[in-house]
Amino acid sequence: MSTTTVGGPPGTGADRTKRWYRARRSLQGVSFVLPNFLGFGLLTLGPVVALFYISFTNWNVFGKAKWIGLDNFTRLFGDAGFHRALLNTLYYSAFHIPLTLAVSLGLALLLNRKLRGVAFFRTAAFFPYVTSIVAIAIAWNLLFSRDAGPINQILGLVGVDDPPGWTASSDWAMPAVIIVGVWREMGYYMLLFLAGLQTVPPELHEAARIDGANAWARFRNVTLPCLRPTTFFVTVMLTIGSFKVFDLILVMTNGGPGQSTLVLSQYIYQKGLVENRFGYASAISVVLFALCMLVTVVQFAVNRRRNA
Amino acid sequence: MQRSRYSRRAVLAASVAALSLVATACGSDEPADAGGPVTLTMSAWSMKTTPEFAELAEAFQARNPEVKIEFKEYDATNYDTQLTADLAAGSAPDLYVLKNLKNFITYQAGEQLLDVSDVAGGLGDEVNGLGNYKVDGVTYAVPYRQDSWYLYYNKDLFTAAGVTPPSGAWTWAEYEKAVADLAAGLKAAGSPAKAAYQHVWQSTVQGLALAQTPGADLGSGDYGYLAPYYERALAQQKAGVQVDFGTATTTTLQYQAQFGTQQAATMLMGSWYVATLVAQQKKGDAQAFQWGFAPAPQRDASGKDKPVTFGDPTGLGVNAAIDEGKTAAAKEFLAFVAGEDGAKALASIGITPATLTEPVVQAYFGVDGVPGDELSRFSFATHDTRAENPVSPQTAALQNILQETHSAIMSESTPVGEALAKAGERARSEVLESR
């Protein structure tokens, strides 16, 4: 293999060799990325583009989709089921996001110390995240059972005369689902916070301690600012996850009683796969996508302003 | 620079080989030779626990050895979703089962079913549920089984409670009284069993209400006809004669276990449960006890001679994309499954076929374990079965609304009147007037 001279005059053999060398390097790079990109394009990008197109059509999966413009979207304005699903999704997110954030951060702070058996407790906290969602739903449904469930029995023991109906009550079904959602995901986000806590320089804590800052002041002025990138990432992931919640609710309450836990993802499933209204279901998916996008963009903007 | 280890010739040869393999894989769709052996593919689900598919295929092949039936098994829960995807992709089997009436219209309107009016024309009048598959004078499928709902009762628990078993002409008022007597009698006898079990499905209340109420129409948007049926169910729940809806849902109660382990003396359920209970008693999954089935309680005495009940047929249709050379064999199979011979084959394994003739009834009650008393025989052979899911493009969406209404009422979250009024309002705004 011949050696090449870098920086020769333009139009010379050396320049051509340099360009060929660069092109070859680019081709090699592309060849590494291509298999993954093809998979992404075929399985993710393509369906997403198709989704946007289908949302403007009336299509029951067979035959050609009929273009109906904005009809699906205008129909959503008057759809009481959609309104209810949207409100329920916001209700779930409004409680699930801050609660999970607080509980997982609390757990991470607690399990970031050098305690005996800390590895066990970290594993125990993470365990629900890797457990089958169906098993979780069945177990929690039993715990929440109105008459025979241990939760209401404990509430009875501590003097609660009229314990909640939990998943069998339209008022308590959503809180029950939120509790299980938080319990399931706290371990995962705890792990992210634990990783974030490792990046907090110990000398900052030391300096604050010398300056006389108490534990709360150190947490507020040292730990939290250092955790900002992790907190931002966790908040964005939690927001998207909360807006898309589906399987847990489907198995625990199937959207009921009535429509009390019906969320947007389940509404999309109902309209698309149960009623075969794929155009309408796609329009709801686009709205859900826009909602996630909007909230995420706002979060990015707020984060950028804080960092400025 | 190192040369590639593979020559261009080798790469070309590999490409040709790959292409030829793909081409060979597509070869299974080649047209069948006229008069030669024909292989038909057919959809199925849970074949280990659902013997009807293999039974029908074996019985047909015994008479038609030149036709082979091969099955493509789908997931039972997601059957329609998976089948729809296959039909849209052009990879669905030649024959496919219409598991319920709710989705039949999607396949028919989507032009996925072959016209089988000629097969329907050759079938006798005794095929129940055939009319459901007729759209604008054209028949698109034939039913091979037609389930209907009965009142299952535990004879031993009735005896223990000192209550007279069903007469076969019970009205709802008589049923309510019997359930109250059973509850008191079982308690006095020291039995922990409940008088009744009502499963969590909407069908248990709504199916009978729709079938038995004159003028009731799912597509009307007026669901007042459900009120007396819900008030009765709630009264029984509040009286504690049956497990309440909340407990049944949170503890995921199985109806098979409730009746099969004698935790309930009566249960309204579909006719498929006969075969299940017989099999479970044989295997020891259910306890050994005397039981029978009676007609579902009636609105009034008018249903005495021909009790009104409900249930959807299970049909079989021919994929519109089937190869022409296979059409004759496919139609022959359809005629068999809906006819008396197919019905006898199904009856011999405890399945309720769509065709109910005397030989079919004989075959059904010849199955070891099926109760052979007069009332069970009457319930099986004589009834007016009305569709739970009348064929309409709006049925699936309306049933969704009514399913949510069912859970709102039975969980006692919403009063009956308010829930039904809201269901009507939603039906009109979301389904009936919006399309």
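Residues numbered from 1 in each chain as written. Chains lettered and ligands numbered in written order. Predicted model: local features only at pLDDT ≥ 70, side-chain atom pairs only at ≥ 80, totals over all residues. Heavy atoms only, no water.

The name that an unreviewed UniProt entry assigns to chain B is Carbohydrate ABC transporter substrate-binding protein (CUT1 family), with the source organism given as Saccharothrix saharensis.

As annotated in an unreviewed UniProt entry, chain A carries the name Carbohydrate ABC transporter membrane protein 1 (CUT1 family) and comes from Saccharothrix saharensis. As stated in UniProt under Subcellular location (unreviewed entry), the record for chain A gives "Cell membrane". (UniProt positions renumbered as here; feature names shortened; annotations may be inferred.)

Participant: Got a minute to help me understand the domain arrangement of chain A in this structure?
Facilitator: Interfaces are often described in size by the accessible area the parts lose on coming together. Residues and elements named next belong to chain A. Split by domain assignment, chain A resolves into domain 1 (20-68) and domain 2 (74-307). If you average the C-alpha positions of domain 1 and of domain 2, the two centres end up 32 Å apart. Regarding the contact of domain 1 and domain 2, the summed buried area is about 700 Å², with carbon and sulfur atoms giving 76% of it. For the pair domain 1 and domain 2, the number of links is 0 salt bridges. Taken together, the links from domain 1 to domain 2 amount to 1 residue pair in polar contact (both at pLDDT 80 or more). (Domains from an automatic or database assignment. Buried area = accessible area lost by both parts, 1.4 Å probe. Salt bridge = Lys/Arg side-chain N within 4 Å of Asp/Glu carboxyl O. Polar contact = N/O pair within 3.5 Å; in protein donor to acceptor, adjacent residues only side chain to side chain.)

Participant: Looking at this structure, I do not really get unusual backbone geometry. What am I missing?
Facilitator: Negative phi is the rule for most residues except glycine; trans is the rule for most peptide bonds. Pro-257 of chain A follows Gly-256 of chain A through a cis peptide bond whose omega is -5°. With respect to the helices, strands and loops of the structure, Pro-257 of chain A is situated in the loop between α11 (247-252) and α12 (264-274). Even without glycine at this site, Glu-111 of chain B takes up a positive phi of about 60°. Mapping Glu-111 of chain B onto the fold places it in the loop between α4 (104-109) and α5 (117-121). Residue Glu-111 of chain B is classed as exposed on the basis of its relative accessible area of 65%. (Helix = DSSP H or I, 4+ residues; strand = E, 2+ residues; numbered from the N terminus. Buried < 20%, exposed > 50% of the residue type's maximum accessible area, 1.4 Å probe, protein only.)

Participant: So what exactly am I meant to see when it comes to the sheet that holds strand β7 (residues 149-154) of chain B here?
Facilitator: Working definition: the strands of a sheet are paired by backbone hydrogen bonds and lie parallel or antiparallel to each other. All names here are of chain B. Strand order across the open sheet formed by 4 strands is β8-β9-β7-β10, with mixed pairing between neighbours. Looking along the sheet, the strands with just one partner apiece sit at the ends: β8 (194-197) and β10 (291-295). Strand-to-strand twist in this sheet, taken as the mean axis angle between neighbours without regard to direction, amounts to 20°. (Pairing = 2+ DSSP bridges. Axes fitted to C-alpha atoms, helices over the stretch in contact; angles between N-to-C directions.)

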